[in-house]
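Structural overview
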Amino acid sequence: MAVLPILQFEDKIAETVAENPVVVIIGETGSGKSTQLSQILHRRGYTRSGTIAVTQPRRVAAVTVARRVAFELGSRLGEEVGYAIRFEDRTSDKTCIKYLTDGCLLRESLSNPELNQYSVIILDEAHERSLNTDILLGLMKRLINRRSSNLKVLITSATLDGVKVSRFFSGCPVLNVPGILFPVEKLYSTERPTNYVECCLKTALDVHVREPPGDVLIFMTGQDDIDKMVFKLEEKIQNLEEGSCMDAIVFPLHGSLPPELQAISSNLIIIRVFSPAPPNCRRFIVATNIAETSLTVDGIVYVIDSGFVKQRQYNPSTGMYSLDIVQISRVQADQRAGRAGRTRPGKCYRLYPRTVYDEEFLDATIPEIQRSSLAGSVLYLKSLSLSDIDILKFDFLDPPSRESLEDALRQLYLIDAIDENGQITEIGKAMAELPLEPSLARTLIEANELGCLSQALTVTSMLSAEVAIRPTHSKNKEKKRKQSFYKLPDGSGWGDHIQLLQVYESWDRADYDPNWCTDNDLQVRSMMFSKDVRKQLSQIVQKMGKGSLDVESGMRQKQSDKDYKKLRRALCRGYGNQLAERMLLHNGYHTLGYRSQLVQVHPSSVLEADEDGQLPDYVVYHELINTSRPFMRNVCAVEISWVQPISKKLEKMNIDKLSGGSGASENNEIIENKTINSPMQAVDASGTPGSVDSKIQAARERYLARKAKR
DNA sequence: GAGCACTGC
């Protein structure tokens, strides 16, 4: 194996780190930064005064890199080198290099805000701008001022965004470490295709017929398009004249491969996708952006880039999520192209003109912090109770909009996490201890008061694991699906939360048999995950727990509480920021919030109407999602008397007080000025119905209209 | 009467 480029810079790196508290390392793919930086600093003695922490945005990365480094140092995993991810801590007293997810480091800083056990903190893959890494960047800036004598912070990034990060850390040095990527030739289309699936197909066939051997990676937006593409490509290849070109196999690659295929397809992917193709056979891998960073497929020589990605975004002014097809950024486009140059020189077919890349694409993807609801993050920051930190003044690399921060404060106030002056409450502090989104954390705390903690643990775990009751993957098994659907409990008409509880209880009665999940079309993976979450939550709430926490005790609870009244009441408290009232004359709802929205119960809900065909007067919802229309997903019936205290709170809510009173106007300017530099990307917020292509077309037209206005 | 990209505590 060739010497990793980064090792040639060892002296330079050590020297720079010795002289500066913060250093930015720009290391391209293949530079070895993730495995070598920690070892270099270990060699230079930084582990004598503390541990070296290396954060990763993904769990697998934390595990595999730790394993690799342990191997290189000839030590056993969990001793000198260890890792910590949720549910799994493989470190010991001996551990001096610790890989962990960014979320884990955030959790650690909750109990130890100065992170004193660490002599070095490396934030790896910072360019991906995960929500947690962005918050860590802000915390690190504060920390180095307080621990300047004994803390070193390294921030690694793959793109040339180093200047920005350096500026954020008052002009800290930036080191560039080259990677070992082969050149990739970029070929642009002369115009935007009107039908991007067809265009991908045509390009793929062209490559297959004309280009020498080498595998092809095709980036598309979602499962539907991928399935369509796989089908059409296989068909076309079969119709090619025998012997006119080499054989081919086509694979789909996305995050939610059907559960019944998962077992086989993990073999498929590992053995067939991740090993070289048989001789004289070309592999086509049709993937979502999962293949951009999370999964690396070796042997790719050709990349076909549609130029689009599906992105989830949060709109703070409506409290609604939407899943939109948006243009990728230049960073993303280059990342995709780079996938063609890992083993030898490659080619990237960009299905958009050069001018689109140059003029329309954003430099970088909008960071997650500007696309998410910030209630959880704001609660986290408030719970650190750092007297020197004001949320609205918190120093973010890219600040979220003031609107988004205010939305978070309103939400937190409505669920009692902060008081009317924006100060964190005792309830809020308890909520922050729980690895749950704020509404679910609040539900658990209220359930504890009401004596239905066991049931609430189950519901929050199921929601937290995003267990889907009726997966849509079994198209060719229509009969079986219907049968099994009727076997599952239905929430007794009260709604989806209750159904989730009942489903988990059924699984408990089946002794947590994985086959029970498969028989009922439930993803084994997500059910197992919810079991892990439940266990973890149980351990945390044990301290405050009143009564038994096991699943059976929740079932006994039901004997005395047939209507799930206590649980639904706890949910009503927890979702005080996510309530809706039915309209008088029909079954539509309007949300009870800062800005009321007209919404409907999602058709997948098990919520039942009464004899007159009327849905409950009041419901709580887990999420608002704007697809073809605005829908409430995961709904539960509540009673008016429980809603009233929350309505009163809503009436007297005052955002000026919540955001810190008089000081707010001053902060206002700071945040708003910064926000102007990072506008939201063009999004499809109107929920235009129709095919993906028509959505893309519509998004493009809106973009051009806006451009013309300017 | 709908349909979901990807992560993570």
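Preceding this section is the structure that the text describes.
Computed from a predicted structure; not experimentally measured. (Residues numbered from 1 in each chain as written. Chains lettered and ligands numbered in written order. Predicted model: local features only at pLDDT ≥ 70, side-chain atom pairs only at ≥ 80, totals over all residues. Heavy atoms only, no water.)

**Notes on the environment of lysine 228**
With respect to the helices, strands and loops of the structure, lysine 228 is situated in helix H8 (residues 223-239). Overall, the relative accessible area of 41% leaves lysine 228 in the partly exposed class. (Helix = DSSP H or I, 4+ residues; strand = E, 2+ residues; numbered from the N terminus. Buried < 20%, exposed > 50% of the residue type's maximum accessible area, 1.4 Å probe, protein only.)

**What to know about unusual backbone geometry**
For residues other than glycine, phi is negative in most cases, and the peptide bonds are mostly trans. Backbone geometry at serine 170 places phi at a positive 35°, although glycine is not the residue there. Considering the arrangement of structural elements, one finds serine 170 in the loop between helix H6 (162-168) and strand S8 (174-177). Look at serine 170 and you get exposed, because its relative accessible area is 72%. A positive phi angle, near 65°, is found at aspartate 416, a position not held by glycine.

**Focus: the packing of aromatic side chains**
Per the stated rule, a full pass over the model turns up twelve aromatic pairs. On the basis of an interplanar angle of 80° and a centroid distance of 5.8 Å, the ring pair of tyrosine 504 and tryptophan 507 is categorised as edge-to-face. Of this pair, tyrosine 504 and tryptophan 507 both sit in helix H18 (residues 496-509), three residues apart, which is roughly one turn of that helix. An identical accessibility class is assigned to tyrosine 504 and tryptophan 507; each is buried. On the numbers, 6.0 Å between centres and 65° between planes, the contact of tyrosine 504 with tyrosine 512 is edge-to-face. Among the residues examined, tyrosine 512 registers a relative accessible area of 22% and is labelled partly exposed. The rings of Tyr188, Tyr352, Tyr357 and Phe361 are connected pair by pair, giving a single aromatic cluster. (Phe/Tyr/Trp six-rings, centres within 6.5 Å; stacked < 30°, edge-to-face > 60°.)

**Regarding the layout of surface pockets**
Within this model, the second largest pocket holds a volume of roughly 1300 Å³. Considering the residues around the second largest pocket, the lining is formed by 38 residues, among which Thr29, Ser34, Val65, Thr296 and Arg342 are closest to the centre. Counting only elements with at least two residues in the lining of the second largest pocket, the list comes to helix H2 (33-43) and helix H3 (59-72). Considering each element in turn, the lining of the second largest pocket owes the most residues, six residues, to H3. Grouping the constituent residues of the lining of the second largest pocket by class yields eleven nonpolar, 15 polar and twelve charged. In terms of domain composition, the lining of the second largest pocket takes at least three residues from each of domain 1 (5-177) and domain 2 (184-366). (1 Å grid on protein atoms, 1.4 Å probe; cavity = no way out; pocket = protein on both sides within 12 Å on 5 of 7 lines; lining within 4 Å. Points joined across faces, edges and corners; volume = space filled by probe spheres on them. Nonpolar A, V, L, I, M, F, W, Y, C, P; charged D, E, K, R; others polar. Domains from an automatic or database assignment.)

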